[in-house]
Amino acid sequence: RPGSASDVAALYEADDGSVAFALPQGWIGVTLPEQERASRGHLLSVRAQRLDGGASLQAVVDGGSRGRRYGDTLRDLGSLDDIAQGLVSNELFNDDDAKSAGVVSAEQLPAAGPAEYYVVRYQVGAKPAIAKLAVLQQRLYCLR
């Protein structure tokens, strides 16, 4: 989360107030406010892009009050290799223009706050991508 209110371009918050996601200046939300909590499975789902078009992201929080349970640690999701391959397969399935996709690297990093996380670097077609995943309090956090 950015350091001050003047650094924030938009703020998205879960229904129950348990999770908030702030976009910094220079970014714009693509997800309409009424759609950020529209999914039955997602506690929060936000798509955004840089104003210059140079990057995009999706922030998703699943679980919690929406009924899904992801466990207490990343290990409850499965192995790092299985998660990385599943993520890439899902990206390939959802990108009609992509002819190929593959994992470039995958690693588990120590806690940078309350939870350890996975970082998966992958390529969909000619487009490089990065995903960070964490599990905390039965919720899955994914930034890609």
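Our structure is the block above this text.
Parameters at a glance
For every chain, the first residue of its written sequence is number 1, and the numbers climb from 1 along that sequence. This being a predicted model, a pLDDT of at least 70 is required before a residue's local features are given, and a value of 80 or more before pairs of side-chain atoms are given or counted; all residues contribute to the totals for chains, interfaces and linings. Values shown for side chains rest on all heavy atoms present in the structure; no hydrogens or waters enter the calculation. Put simply, DSSP marks the helices as runs of H or I at least four residues long and the strands as runs of E at least two long, and each gets a number from the N terminus on. When a residue's accessible area, from a 1.4 Å probe over protein chains only, is under 20% of the maximum for its type it is buried; when over 50% it is exposed; and in between it is partly exposed. Throughout, a contact is declared for two residues whenever any of their heavy atoms are within 4.5 Å. Note: two strands are recorded as paired if DSSP finds a minimum of 2 bridges between them. Note on definitions: angles span 0 to 180 degrees between N-to-C directions of axes, and those axes are lines fitted to C-alpha atoms, for helices only across the stretch in contact. Any carboxyl oxygen of Asp or Glu within 4 Å of a side-chain nitrogen of Lys or Arg constitutes a salt bridge here. Nonpolar cores are built from buried Ala, Val, Leu, Ile, Met, Phe, Trp, Tyr and Cys residues. Side-chain atoms within 4.5 Å join them into one set.

S.K.: So what exactly am I meant to see when it comes to the overall build of the protein here?
M.R.: What the protein contains, in helices and strands, is 1 helix and 9 strands. Beginning at the N terminus, the succession of helices and strands in the protein can be written as β-β-β-β-β-α-β-β-β-β. The 144 residues of the protein split such that 33% are buried. Of the contacts formed within the protein by residues at least 6 apart in sequence, a portion of 39% connects residues at least 24 apart.

S.K.: Quick question: what am I supposed to make of the sheet that holds strand S3 (residues 27–29) here?
M.R.: Strands belonging to one sheet form pairs held by backbone hydrogen bonds; the direction of such a pair is parallel or antiparallel. Here 7 strands make up an open sheet; going across it, the order is S3-S4-S5-S9-S8-S7-S6 and the pairing antiparallel. Every other strand in the sheet has two partners, leaving S3 and strand S6 (101–109) as the edge strands with one partner each. The sheet shows a mean angle of 20° between the axes of neighbouring strands, taken without regard to direction. In the packing of helix H1 (residues 80–94) onto the sheet, the strands contacted are S6, strand S7 (117–124) and strand S8 (127–136), and the crossing angle to S6 comes to about 140°.

S.K.: Quick question: what am I supposed to make of the pattern of salt bridges here?
M.R.: Side-chain pairs of opposite charge can arise whenever the charged atoms involved come near each other. A complete count under the given rule lists 3 salt bridges for this structure. Here Arg-50 ties to Asp-52 by a salt bridge, and the two come within 3.1 Å at their closest N and O atoms. Arg-50 sits in the partly exposed class, given a relative accessible area of 31%.

S.K.: I keep staring at the nonpolar core and nothing clicks. Help me out?
M.R.: A general tendency of soluble globular proteins is for nonpolar side chains to be buried together. The biggest cluster of nonpolar side chains holds 17 residues, and the ones touching the most others in it are Tyr-118, Val-120, Tyr-122 and Leu-133. Elements represented by at least two residues in this core include exactly H1, S7, S8 and strand S9 (139–143). Here this core takes 5 residues from H1, the largest share from any one element. Not counting chain neighbours up to four residues away, the residues in contact with Leu-133 comprise Leu-74, Ile-83, Glu-116, Tyr-117, Tyr-118, Val-120, Leu-140, Tyr-141 and Cys-142. The next biggest cluster of nonpolar side chains, apart from the first, holds 13 residues, and it includes Leu-23, Leu-44, Ala-48 and Ala-59.

S.K.: Got a minute to help me understand the pairing of S7 in this structure?
M.R.: Regular strands place their side chains on alternate faces of the sheet. When you tally the buried positions in S7, you get 6 out of 8 residues, the bulk of the element. Of the strand pairs in this sheet, S6 and S7 are connected by 8 bridges, and their pairing is antiparallel. Looking across to S7, one finds that Ala-101 is bridged to Val-124. Pairing of S7 with S8, which is carried by 8 bridges, proceeds in the antiparallel orientation. For Tyr-122, the partnering residue across the bridge sits in S8 and is Ala-129. Counted between consecutive antiparallel strands, the loop separating S7 from S8 contains 2 residues, among which Gly-125 sits at a positive phi close to 65°.

S.K.: Whenever I open this one, the side chain of Gln-58 confuses me. Can you help?
M.R.: Looking at the secondary structure, you find Gln-58 in strand S5 (residues 56–63). According to the relative accessible area criterion, Gln-58 is buried, its value standing at 8%.

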